[in-house]
Amino acid sequence: MDQKSTKRISKDEYFMSIAQVVSQRSTCIKRKVGAVLVKDSHIISTGYNGAPSGFKHCTKKTCVRTNLKPGEKPELCRGVHAELNCIIQAALHGTSLKGYTTLYSTTFPCMSCLKVLINAGIKRLVYKEGYNMENKIKENLLKESDIIIQKYS
């Protein structure tokens, strides 16, 4: 194949594609989310949403949120969100998030995850699907933070 005819994908496309693949490991029955933490163009960690490590996965019979709307009564969910799992994995392996760190996520973070990302010092967030974007408190947090937000298209 002629090298001139081969188009190289962008880093955003590359890392978002990996986040999409990571989401396929999700054990959540309502929404499959994948996330990838990247620092200096290298993957630090990945995460997907689901029950805590070593716990039984949720099923349609055991999910107490099956008939609830997205974001309704999140405290009932036993799952750990993809973004948190990314940060947890980095911490477990002793990897610092200091510096220019980007989180690629298939879904925009919930309010709780957004606060964690801010405190963790994430500098850039690239997301594919919006989630609870009309939340004014979330919007104000983003305005006050230094996180660069970019919707992936």
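Before reading further, recall that the structure is shown in the block above.
Here is what the cut-offs are and how they apply
Residues numbered from 1 in each chain as written. Predicted model: local features only at pLDDT ≥ 70, side-chain atom pairs only at ≥ 80, totals over all residues. Heavy atoms only, no water. Helix = DSSP H or I, 4+ residues; strand = E, 2+ residues; numbered from the N terminus. Rg over C-alpha atoms; globule rule 2.2 N^0.38 Å. Contact = heavy atoms within 4.5 Å. Lys, Arg positive; Asp, Glu negative; His and termini not counted. Charge placed at Lys NZ, Arg CZ, Asp CG, Glu CD. Pairing = 2+ DSSP bridges. Axes fitted to C-alpha atoms, helices over the stretch in contact; angles between N-to-C directions. Parallel < 35°, antiparallel > 145°, perpendicular 65-115°, else oblique. Left-handed = near helix turned anticlockwise from the far one by under 90°. Nonpolar A, V, L, I, M, F, W, Y, C, P; charged D, E, K, R; others polar. Buried < 20%, exposed > 50% of the residue type's maximum accessible area, 1.4 Å probe, protein only.

Enquirer: What exactly am I supposed to notice about the overall build of the chain here?
Expert: A count of helical and extended segments in the chain gives four helices and five strands. Listing every helix and strand of the chain by position from the N terminus yields α-β-β-α-β-α-β-α-β. Here the C-alpha atoms of the chain give a radius of gyration of 16 Å, agreeing with the 15 Å that 2.2 N^0.38 yields for 153 residues. For the chain, the spread of C-alpha atoms along the principal axes amounts to about 55 × 40 × 35 Å. Within the chain, counting contacts between residues at least 6 apart in sequence, those at least 24 apart form 61% of the total. If you average the places of the 25 positive and of the 12 negative side-chain charges in the chain, the two averages end up 7 Å apart.

Enquirer: Mind showing me how you'd approach the sheet that holds strand β5 (residues 148-151) here?
Expert: The strands that make up a sheet are held in pairs by hydrogen bonds between backbone atoms, and each pair lies either parallel or antiparallel. Pairing in this open sheet of five strands is mixed, and the strands run β2-β1-β3-β4-β5 from one edge to the other. Strands with a single pairing partner mark the edges of an open sheet, and in this sheet they are β2 (42-48) and β5. For this sheet the average axis-to-axis angle between neighbouring strands, irrespective of direction, equals 15°. Here five bridges tie strand β1 (residues 34-39) to strand β3 (residues 101-107), and the two strands are oriented antiparallel to one another. If you follow K39 over to β3, its bridge partner there is T101.

Enquirer: In this structure, what is going on with the packing of helix α2 (residues 82-92) against helix α3 (residues 111-120)? I would like to understand it.
Expert: Each packed pair of helices is defined by two parameters, the angle between the axes and the distance between the axes. Where α2 contacts α3, the two axes come as close as 9 Å, and the packing angle between them is 30°. Overall, the two elements α2 and α3 adopt an arrangement that is roughly parallel. Relative to α3, the crossing made by α2 is left-handed. Between α2, through E83, L84 and I87, and α3, the contact on the second element is made entirely by C113, V116, L117 and A120. For the contact of α2 with α3, the residue count by class is six nonpolar, no polar and one charged.

Enquirer: Any chance you could explain the environment of A120 here in plain terms?
Expert: Looking at where A120 falls in the secondary structure, it is placed in helix α3. For A120, a relative accessible area of 25% puts it in the partly exposed group. Counting along the chain gives 23 residues from A120 to L97, while the straight-line C-alpha distance between them is 7.0 Å. Not counting residues within four places of it along the chain, the set of residues in contact with A120 comprises I87 and L97.

Enquirer: Before we go on, may I ask you to explain unusual backbone geometry in this structure?
Expert: Negative phi characterises most residues that are not glycine, and trans characterises most peptide bonds. The backbone of D40 shows a phi angle near 50°, a positive value even though the residue is not glycine. With respect to the secondary-structure elements, D40 resides in the loop between β1 and β2. Backbone geometry places K73, a non-glycine residue, at a positive phi of 50°. Mapped onto the fold, K73 is located in the loop between β2 and α2. Taking relative accessible area as the criterion, K73 reaches 44% and is therefore assigned partly exposed.

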